[in-house]
Every structure is written in structure tokens, then in C-alpha cells.
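Survey of secondary and tertiary structure
Given next are the chains, with one letter for each unit.
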Amino acid sequence: MPKATAIAHPNIAFIKYWGDADPELRIPVNGSISMNLGSLHSRTTVEFDPGLALDELTINGRPPGDIALQRVARFMDHVRNLADCKTFAHITSENNFPMGSGIASSASGFAALSLAASTAAGLELDRVELSALARRGSGSACRSVPTGFVEWYSGQDDATSYAESIAGADYWNLRDCIAIVNRAHKETGSLAGHSLAGSSLLQEARVRDAPRRLSLCRQAILERDFQSFAEIVELDSNLMHAVMMTSQPQLVYWQPATLAVMQSVVEMRSGGMQVCFTIDAGPNVHVITIDEYSTSVAKKLEHIPGVNEVLASSPGEGTRLIEN
Ligand code: PMV
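This brings us to the site of the ligand. Near the ligand, the surroundings consist of 13 residues, among which Tyr17, Ser140, Arg143, Ser190 and His194 are the closest. Contact distances for the ligand include 2.6 Å between an oxygen atom and a side-chain N or O atom of Ser140. About the coverage of the ligand: the protein hides 94% of its 380 Å² of free accessible area. Looking at which domains feed residues into the shell around the ligand, each of domain 1 (3-168) and domain 2 (174-313) supplies at least three.

The following block contains the structure:
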């Protein structure tokens, strides 16, 4: 029976995606830039089986809840449509990071699923088509398809909204030290959050200025200019959280320890270290630094009250097939 296995890394956004122009197709209101996280991955196998009456899914060895299953089944329907096939599949996905670590597995999960499912279904997608397919599962998943440092062009439709690599994983020795302050699942996930973005008065200003921030961030990466990078990355994260906090209803993801980490990072930078923060739709803080500072940054973070653990990662490759 046709079978394929793929591996993909999650990514951390430096310029954030928040809000959809088309929620069905997950066309974002603004472009975004990210880095794949090489130490973390999802590994997904898809095997079509004419004997099945429905798709079967296990994540880390267990069947997931109904919502996750429906989301994956819908995605698989789209793949079946593209491949003109009616067969259901066994899907197994394993993450090397705990589901309850507060790190979202949707980006790496849907990127790996896109490649495994499209390959097993006999589709020969190029990298652009594969990125656009992953976007259907979870917007940010399209950024886990290309390698290293990646930009997602917002585009206007299914074919023009995809991500491409700006620079390879070896281009810049950045490290992400993720300060885990809460392992619990978020009450309002990004899916619901995107639909609230437009209810904030600040969203329009955030989106209008996005091309400028994208250009500064892209240039800072290409020039390996940490100071400029730090300024634009922190500004972009704060802008997104300002939108979240002023949405109706308000979304406040920060916890006291989140702020303690942010303050400590700003102090470290004033003391001459190359370090900055960025925060997704949760309380954990991604502390971005360069190789030579990463051990001392991680040590400092571990001592902040409320920080449970620190996971470190270097830039990662794109989504790829592996032998079964
Ligand atoms: O791909 P989603 O729907 O999980 O949205 C991701 C949203 C943020 O993580 C907050 C920002 C981003 O660009 O990754």
C-alpha cells in the first residue's frame, strides 16, 4: 500500500502572522519571517489502505481528540481531491518534544503531513506547491517547508500565498533558547485568535507597517546584523501582543514569569550581550541569541523564578522525506 514518511521542524516567527484575509484558505493579512528549529521535529507516516472506512490518526502513540482528528481528516480530503483518490489512510505522527511543553506542533505536524500524504498519494508537488498545501493545515506550517530562514509571502490566493527560504540553516549561528514558563495548553489557540485580530483598533496600524518591518528583518538576517534584528523582532512581537490584548474579547497570553524573562533579556542586551525575545500565542518566551552566548543565556534563564526549563535549538532544515 502506498506509504511515505516525512520529517519537519517547527518554526519561530520573527515577524508574526496574526489575522487572516481568507480564513478558509488561511491567506494571512501580512507576510511573515521565521527560522526553523532544528532540535525539535515531527515525524509523520501516511499509509493509504483501501480497507479503511475513515482516516485513522495517532499522535505520539495515542488517538487525538475529535477536533484534531476533524482538522486532519479535512486536510486529507483536500489531498485526496488533488490526487483524485478516495482511499483513507493510517496516519502516525511523533513529536520529539512533549505535546504539553507549550510548544505548538501544528506547524511541524502539518508540514510533515503535507509531504508524507502528497507523496503517498502519488502527487509530485514542487516546493512552492508543497508550502501552499501545508498552509491549508496551519498557516505557519507553510514556513516549515523551506530550509533555514524563511519568508511567507501573504499573496492573494492559494497559488500566491507560500513561503520560500531567504537563507540556509548554516547562514547565521542564531540560537533559540525557549524559556518554558507554562506547559499547559492555551485556552484560546491561534486558530480562534486570528479571527479576533480585526477587533483590535491597533491591527490596522500593525498590518499597514508590516512591509517595513519585513524589509528590516530580512535585511538584518542577510547582513547578520544582530542589533537591528533585535530591535525589529521585539517591536513586532510587542505589536502582535498589543493587538491581542486590545482584541474583543481581550487575549492576554503573558504571565508574570513571561515579563520577568522579557526584562532579563533587555538587561542582558544592555550589558552587551546579543540577545532578544519574541513570544507566540502563549506565555513561553523564545530568547534568540547567537552561538557564543547561548550557554550563558540559558543558564541565566533557568534561574529566573517561574521558568520550568529551557529548550535550546539551532536553525533547522526544511521538510524532507525519510526512509520508513
Ligand atoms: O499557524 P497558526 O495558525 O498556528 O498561527 C501562528 C501564530 C503565531 O505563532 C502567534 C505567529 C506566527 O507567525 O507563527
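From this point on, the discussion continues.
Here we take up the nonpolar core. Phe14, Leu174, Phe229, Val261, Val287, Val297 and Leu301 are the most contacted members of the largest nonpolar core, which has 48 residues in total. There are two domains that each give this core at least three residues, and those are domain 1 (3-168) and domain 2 (174-313). In this view, Val261 contacts Ala179, Val181, Val285, Val287, Leu301, Ile304 and Val307; residues no more than four positions away in its chain are not counted. Ala4, Ala111, Ala112 and Ala116 belong to the second largest nonpolar core, which has 28 residues in total.

This part covers the sheet that holds strand β13 (residues 285-290). Spatially, the four strands line up as an open sheet ordered β12-β13-β11-β14, and their pairing is antiparallel. Two strands bound the open sheet, and with one partner strand each, they are β12 (275-278) and β14 (309-313). Averaged over all neighbouring strand pairs, the angle between strand axes comes to 25°, with direction disregarded. In the sheet, strand β11 (residues 174-180) pairs with β13 via six bridges, with the strands oriented antiparallel.

Moving on, we come to the environment of Pro50. By secondary structure assignment, the location of Pro50 is in the loop between β6 (42-48) and β7 (56-59). The class for Pro50 is exposed, based on a relative accessible area of 66%. Note: C-alpha distance between Pro50 and Pro98 (48 residues apart in sequence) is 32 Å. Ignoring any residue separated from it by four or fewer positions in sequence, one finds Pro50 in contact with Met1 and Thr87.

Right, let's get into the sheet that holds strand β10 (residues 162-167). One open sheet accounts for four strands, arranged β2-β5-β9-β10; its pairing is antiparallel. Among the strands making up the open sheet, the edge pair consists of β2 (11-15) and β10. Averaged over all adjacent pairs, the angle separating strand axes in this sheet is 35°, with direction ignored. Sheet topology places β2 next to strand β5 (residues 32-36); four bridges connect them, and they run antiparallel. For Asn11, the partnering residue across the bridge sits in β5 and is Asn36. Of the strands in this sheet, β9 (149-153) and β10 are in contact with helix α3 (residues 127-137), which crosses β10 at around 120°.

Moving on, we come to the packing of helix α2 (residues 106-120) against α3. Remark: α2 packs on α3, axes separated minimally by 8 Å, with the N-to-C direction vectors making an angle of 120°. The angle between the axes of α2 and α3 places the two elements in the oblique class. When the axes of α2 and α3 are compared, the crossing they make is right-handed. Touching Phe110, Ala111, Ser114, Leu115 and Ser118 of α2 are Leu130, Leu133, Ala134 and Gly137, all from α3. Here the contact of α2 with α3 is built from residues that sort into six nonpolar, three polar and no charged.

Between its first and last C-alpha, helix α9 (residues 291-302) extends 17 Å over twelve residues, near the 16 Å set by a 1.5 Å rise per residue. When we look at burial in α9, the residues that qualify are Tyr293, Ser294, Val297, Ala298 and Leu301. Taken down its axis, α9 places every buried residue within 140° of arc, on the same side. In α9, the exposed residues that point more than 90 degrees away from the buried face are Glu292 and Thr295. Looking at the buried residues of α9, the elements they touch are β11, α8 (256-270), β12, β13 and β14.

What follows deals with the pattern of salt bridges. Applying the stated criterion across every chain yields a total of 13 salt bridges. Of the charged contacts in the structure, one is a salt bridge between Arg213 and Asp209, with a shortest N-O distance of 2.9 Å. We note a salt bridge from Arg213 to Asp236, for which the minimum N-O separation is 2.7 Å. In this pair, Arg213 is assigned in helix α6 (residues 210-222) and Asp236 in helix α7 (residues 226-245), connecting sequence segments 23 residues apart.

If you walk through the whole model with that rule in mind, you get seven aromatic pairs. Centre to centre, the rings of Phe14 and Phe229 are 4.8 Å apart; their planes meet at 85°, and the pair counts as edge-to-face. Of this pair, Phe14 sits in strand β2 while Phe229 sits in helix α7; the two residues are 215 residues apart in sequence, bridging distant segments of the chain. Ring centres 5.7 Å apart and planes at 55° place the aromatic pair Phe226 and Phe229 in the tilted group. Here Phe226 pairs with Phe229, and both are found in helix α7, just three residues apart, close to one helical turn.

Rules of the game
- Counting restarts for each chain: residues are numbered from 1 in the order of the written sequence.
- Selection of residues for local features in this predicted model requires a pLDDT of at least 70, selection of side-chain atom pairs for listing and counting requires 80 or more, and totals for whole chains, interfaces and linings are taken over all residues.
- To obtain the side-chain values, all non-hydrogen atoms of the structure were included, while hydrogens and water were left out.
- Near is defined per residue: the residue qualifies when any heavy atom it owns lies within 4 Å of the molecule or strand.
- Counted as a polar contact is a pair of N or O atoms within 3.5 Å, where, for protein atoms, one must be capable of donating a hydrogen and the other of accepting one, and residues adjacent in sequence contribute only when both atoms are in side chains.
- The Shrake-Rupley method, run with a 1.4 Å probe sphere, supplies the accessible areas, and residue values consider only the shown protein chains as cover.
- Either an automatic procedure or a domain database provided the assignment from which the domain bounds are taken.
- Here, nonpolar core refers to any group of buried Ala, Val, Leu, Ile, Met, Phe, Trp, Tyr and Cys residues whose side-chain atoms link them within 4.5 Å.
- Exposure is judged per residue with a 1.4 Å probe applied to protein chains only, and the accessible area is read against the type maximum: over 50% gives exposed, under 20% gives buried, and values in between give partly exposed.
- Two residues qualify as a contact provided that any one of their heavy atoms is within 4.5 Å of a heavy atom in the partner residue.
- Note: two strands are recorded as paired if DSSP finds a minimum of 2 bridges between them.
- Helical segments are the DSSP runs of H or I of at least four residues, strand segments are the runs of E of at least two, and each set is numbered from the N terminus.
- Helix axes are fitted to C-alpha atoms over the stretch in contact, other axes to C-alpha atoms as well, and angles between N-to-C directions run from 0 to 180 degrees.
- The cut-offs work like this: below 35 degrees is roughly parallel, past 145 is roughly antiparallel, 65 to 115 is roughly perpendicular, and the gaps in between are oblique.
- Definitions for this section: a left-handed crossing has its near helix turned counterclockwise from the far helix by less than a right angle. A right-handed crossing has that turn clockwise.
- Gly is placed with the polar residues, together with every amino acid not listed as nonpolar (Ala, Val, Leu, Ile, Met, Phe, Trp, Tyr, Cys and Pro) or charged (Asp, Glu, Lys and Arg).
- An expected span of 1.5 Å times one less than the residue number is assigned to each helix.
- The arc under discussion is defined with respect to the helix axis, by the directions toward the C-beta atoms.
- The salt bridge definition used is simple: a Lys or Arg side-chain nitrogen within 4 Å of an Asp or Glu carboxyl oxygen.
- Pairing of aromatic side chains here covers Phe, Tyr and the six-membered ring of Trp, requires ring centres within 6.5 Å, and sorts the geometry by plane angle: under 30 degrees stacked, over 60 edge-to-face, intermediate tilted.

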